[in-house]
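A look at the structure
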Amino acid sequence: MLQEESDISLIIAQIVQKLKGSNLYAQLERQAWASLQRPEIKLESLKEDIKEFFKISGWEKKLQNAVYSELSVFPLPSHPAAPPEHLKEPLVYMRKAQGSWEKRILKSLNSMCTELSIPLARKRPVGEQKELLNKWNEMGTDEPDLSLFRPVYAPKDFLEVLINLRNPNYENGDSLSFRTHLGLIQVPLKVKDIPELKECFVELGLNTGQLGIDDSTQVPPELFENEHVRIGQKVLAEQDSAAAQQYVRQGSPTALRAELWALILNISSQPEDILYYEQLKTNVIQHDLLVDSLIYKDVKLTASNDDYYFVFEDYLYQVLLCFSRDTSVLGHFAYNSASPPKSYIRGKLGLEEYAVFYPPNGVIPFHGFSMYVAPLCFLYHEPSKLYQVFREMYVRFFFRLHSISSHPSGIVSLCLLFETLLQTYLPQLFYHLREIGAQPLRISFKWMVRAFSGYLATDQLLLLWDRILGYNSLEILAVLAAAVFAFRAVNLMEVTSLAAAEAVLADLSTLKVMPLLQIFLFATVT
C-alpha cells in the first residue's frame, strides 16, 4: 500500500514538473492573476475561488486533459532506485539487442554518406533556399535523382533481427514450456490469450454497437448510428479527452473523427503551435540533411504509388521534413528503448561537447515510414494541425513498431501475440504453413510494422486506428493479423509454398475490419 502511494506521488511530481515547462502552465498563471480583478474572488477564500473560476471558465478541463495526456504516455512505475535505462527498457538483453540494431543502422547510413560523398548536413545556398520556399506546396513535382539512395533498412531486415533475439537466461534450459512455441519469435514474454483479450476489448463485443458494422446500409441508422453521432457531438462539446477516448472504442463517425482524435491527443491549434511549425519549416528551408533524400525516396517508393495516398505527396514531404528537424521529439526517448544517434562536428569525433543528435529529432526513417502520415492526410488539411497529430501519434504509438522492447505494445510482443494466437486457436493452419516453409509472421510482419497502413482500404484503416487510440494500445494489430489468417484459412490450407500463401493474402483492401475482429475474438471457441 505504501509502495503504491509512493508510486502515485512520484508520478504526480513528475507530471507537475513537466507541465510547469508547458505553455498551458503560463496560460493558467496569467488567468489566475487576471481573475484577482474579479469581484467574486475574495481574499479569505482565494484558493477555492480561483479553483471555481478555473472550473467555470473551462481551464480546469484543459488542465485535466493535459494530465490525462501525460498519463497516456507515462512509463509504468518502477522501483525508485532503478537506473534511468530501466524506464527505457527493463530487460538487459532487449537493451543490448536494440543497441546492436542501432549500430547497424548507423553503419548503413555512414556507408551511404561515404559512397556518395554527401555530408550529413549542409546549409543551403540562398538561391536554393528561395527555390525551395517557392515550391514548398508543390514539392511532389520535383524529381531529384534518387537512384543512388537506398532505404537504410526495410521491415524484413528488422524481422531477421527479431527472429534471432534470445534471452540468455533461457539458452541452456532443457524442458521449458516456452519451447512448445513453434513460431519465429523465441523470447519468453507474457502475452494475452483470447479470454484476456475479450476482457481488454470488451466494447468490441457482439452485443455492443460498432461503427464499421452497425452503420452498414442494411442496418437502419436510427438503431445505432444516429444516437452514436449525437453522443459524439456531446463529447466534443464537453472537450473531455478521457470521454473521447472511451467513445472511439466503438468507432468515430467520419464527420467527427478529426476533432475527436485531436481531443484524445490533447492537440489544439494555438497561434504558438502554428509559429512552431513555421520555425521547423524555416529550418528545412535553410539546411539540407541526408535524411531528406531518404524521406523523398520513401515517399516515391510507397505513398506516391498508392491509389489512396498519391494525392497527398506534397503534404507528406512537408510533414516528414519538418518532423526530422523537431527536437521536441527527443523527449520520447525517455520511455523508448531506442536512443537518438549522435554525430560530431568534423574533426571533433568522440568529444561530447561537440556532439549533436542526428537527425535533430533522433529518428532515422526506414522503408514505409511515410505511411504513418499518409492516412492522417484524409482528416487534416491544415499542415500545422496535421503535423501535430502525426507527431503525437508517433511518440505515443508508432515508435514502438520499429524499436526492440518488452512493452506489451512493442513489435516483439505483437509478433509473439500473433504467433501464439494462431498456434493456439488455429493449430492446423499454423502447422501446415510452418511445414511448407511459410511461417505466418513472414507474411504479417509488414502489416503490423506499418499499422496496416497501405494494406487496408482507408475507411477500414481509420476504424482500426480509432481502436488504437481508444484502447491506448497496439495489441489490436496482432489480433487483426491473426483474424485475417483465420478468415483466409480455407484457401491457405490449400497452398504449398510461401509464394502461394503470400498470393492468397496479397490484397487486404476488400476486408472489413470490425466483423473480422468481432468474429475472431468473440466467436472463436476457447
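Residues numbered from 1 in each chain as written. Predicted model: local features only at pLDDT ≥ 70, side-chain atom pairs only at ≥ 80, totals over all residues. Heavy atoms only, no water.

Notes on the overall build of the protein chain
Scanning the protein chain from terminus to terminus reveals 24 helices and four strands. For the protein chain, with 526 residues in total, the buried portion stands at 50%. Considering only intrachain contacts with a sequence separation of at least 6, the fraction spanning at least 24 residues in the protein chain is 76%. (Helix = DSSP H or I, 4+ residues; strand = E, 2+ residues; numbered from the N terminus. Buried < 20%, exposed > 50% of the residue type's maximum accessible area, 1.4 Å probe, protein only. Contact = heavy atoms within 4.5 Å.)

Concerning the packing of helix α14 (residues 290–301) against helix α15 (residues 313–325)
Running from N to C, α14 and α15 point in directions that differ by 150°, and their axes come no closer than 10 Å. Here α14 is positioned roughly antiparallel relative to α15, judged by the angle of their axes. Here the hand of the crossing between α14 and α15 comes out right-handed. Contact residues: α14 offers Val291, Asp292, Ile295, Tyr296, Val299 and Lys300, while α15 offers Glu313, Leu316, Tyr317, Leu320, Leu321, Ser324 and Arg325. For the contact of α14 with α15, the class distribution of residues is eight nonpolar, one polar and four charged. (Axes fitted to C-alpha atoms, helices over the stretch in contact; angles between N-to-C directions. Parallel < 35°, antiparallel > 145°, perpendicular 65-115°, else oblique. Left-handed = near helix turned anticlockwise from the far one by under 90°. Nonpolar A, V, L, I, M, F, W, Y, C, P; charged D, E, K, R; others polar.)

Looking at helix α21 (residues 475–487)
Each turn of an α-helix holds 3.6 residues, which means side chains three or four residues apart point in the same direction. Over its 13 residues, α21 runs 19 Å from end to end, which matches the ideal 18 Å to within 8%, given 1.5 Å per residue. Along α21, 11 of the 13 residues are buried, which leaves the element largely enclosed by surrounding structure. Along α21, the residues classified as buried are Glu475, Ile476, Leu477, Ala478, Val479, Leu480, Ala481, Ala482, Ala483, Val484 and Phe485. (Expected span 1.5 Å × (residues − 1).)

Examining the packing of aromatic side chains
Scanning the entire structure with this criterion turns up 27 aromatic pairs. Relative to Phe445, the ring of Phe158 has its centre 6.2 Å away and its plane inclined at 55°; by these criteria the two rings are tilted. Of the two residues, Phe158 sits in helix α8 (residues 155–163) while Phe445 sits in helix α19 (residues 440–449), which places them 287 residues apart along the sequence. The two residues Phe158 and Phe445 agree in class, both being buried. Measuring from ring centre to ring centre gives 5.2 Å for Phe398 and Trp465, while their planes differ by 50°; the resulting arrangement is tilted. With Phe398 in the loop between α16 (383–396) and α17 (411–425) and Trp465 in helix α20 (residues 458–471), this residue pair connects regions lying 67 residues apart in the sequence. Taking relative accessible area as the criterion, Phe398 reaches 1% and is therefore assigned buried. Here Trp465 falls in the buried class, since its relative accessible area comes to 0%. Through a chain of ring-to-ring contacts, the aromatic side chains of Trp101, Tyr153, Phe158, Phe323, Phe366, Phe369, Tyr372, Phe390, Tyr394, Phe398, Phe445 and Trp465 assemble into a single cluster. (Phe/Tyr/Trp six-rings, centres within 6.5 Å; stacked < 30°, edge-to-face > 60°.)

Comments concerning the environment of Ser69
Looking at the element boundaries, Ser69 is found in helix α4 (residues 59–73). Judged by its relative accessible area of 8%, Ser69 falls in the buried class. Remark: the alpha-carbon pair of Ser69 and Leu265, spanning 196 residues in sequence, is separated by 6.5 Å. Setting aside its immediate chain neighbours within four residues, Ser69 contacts Leu265, Asn266, Glu392 and Arg396.

Looking at the side chain of Arg400
With respect to the helices and strands, Arg400 occurs in the loop between α16 and α17. The residues touching Arg400, leaving out its near neighbours within four places in the chain, are Tyr335, His407, Ser409, Gly410, Ile411 and Leu474.

Describing the packing of α15 against α16
Two elements in contact, α15 and α16, have axes whose closest approach is 10 Å; the angle formed by their N-to-C orientations is 55°. Classified by the angle between their axes, α15 and α16 sit oblique to one another. When the axes of α15 and α16 are compared, the crossing they make is right-handed. Across from Tyr315, Gln318, Val319, Leu320, Cys322 and Phe323 in α15, the residues of α16 making contact are Pro383, Leu386, Tyr387, Phe390, Arg391 and Tyr394. Residues belonging to the contact of α15 with α16 are distributed by class as follows: 10 nonpolar, one polar and one charged.

Some points on a nonpolar patch on the surface
A grouping of Trp33, Leu36 and Leu46 is seen on the molecular surface, where their side chains present a nonpolar patch of about 310 Å² in accessible area. One can find Leu46 in helix α3 (residues 46–57). For Leu46, a relative accessible area of 31% translates into the label partly exposed. (Patch = residues over 30% accessible without salt bridge, like charges linked within 9 Å, V, L, I, M, F, W, Y side chains within 5 Å. Areas by Shrake-Rupley, 256 points an atom, 1.4 Å probe, with all protein chains shown as cover. Salt bridge = Lys/Arg side-chain N within 4 Å of Asp/Glu carboxyl O.)

Comments concerning the confidence of the model for the protein chain
Residues with a pLDDT of 70 or more make up 89% of the protein chain, whose mean pLDDT is 86. When the elements of the protein chain are averaged for pLDDT, helix α1 (residues 2–20) gives the smallest value, 66, and α21 the largest, 97. Under a pLDDT of 50 for its full length, residues 174–178 has, in the predicted model, seven contacts with residues more than four places off or in other chains. (pLDDT = per-residue confidence, 0-100.)

Things to note about the environment of Tyr170
Considering the arrangement of structural elements, one finds Tyr170 in the loop between α8 and α9 (194–200). Tyr170 sits in the partly exposed class, given a relative accessible area of 32%. Between the C-alpha atom of Tyr170 and that of Val187, which follows or precedes it by 17 residues, the distance is 8.7 Å.

Focus on the nonpolar core
The biggest cluster of nonpolar side chains holds 151 residues, and the ones touching the most others in it are Phe390 and Ile411. Setting aside chain neighbours within four positions, we find Phe390 in contact with Val319, Leu320, Phe323, Phe369, Tyr372, Val373, Leu376 and Phe398. Counting residues in each nonpolar core, the second largest holds 10 residues, with Ala32, Ile41, Ile50 and Phe54 among its members. (Core = buried A, V, L, I, M, F, W, Y, C linked by side-chain atoms within 4.5 Å.)

Structural notes on the environment of Leu301
Tracing the sequence through the fold places Leu301 in helix α14. A relative accessible area of 41% places Leu301 in the partly exposed class. Taking the C-alpha atoms as reference points, Leu301 and Gly368, 67 residues apart in sequence, are found 8.2 Å from one another. Leaving out residues up to four positions away in the same chain, Leu301 has contacts with Pro151 and His367.

Points about the pattern of salt bridges
Scanning the model with the defined rule gives 18 salt bridges in all. For Asp288, the salt bridge is made with Arg122, and the minimal N-O distance between the two is 3.2 Å. With a gap of 166 residues between them, Asp288 in strand β2 (residues 287–289) and Arg122 in strand β1 (residues 121–123) connect regions that are remote in the sequence. The class of Asp288 is buried, set by a relative accessible area of 19%.

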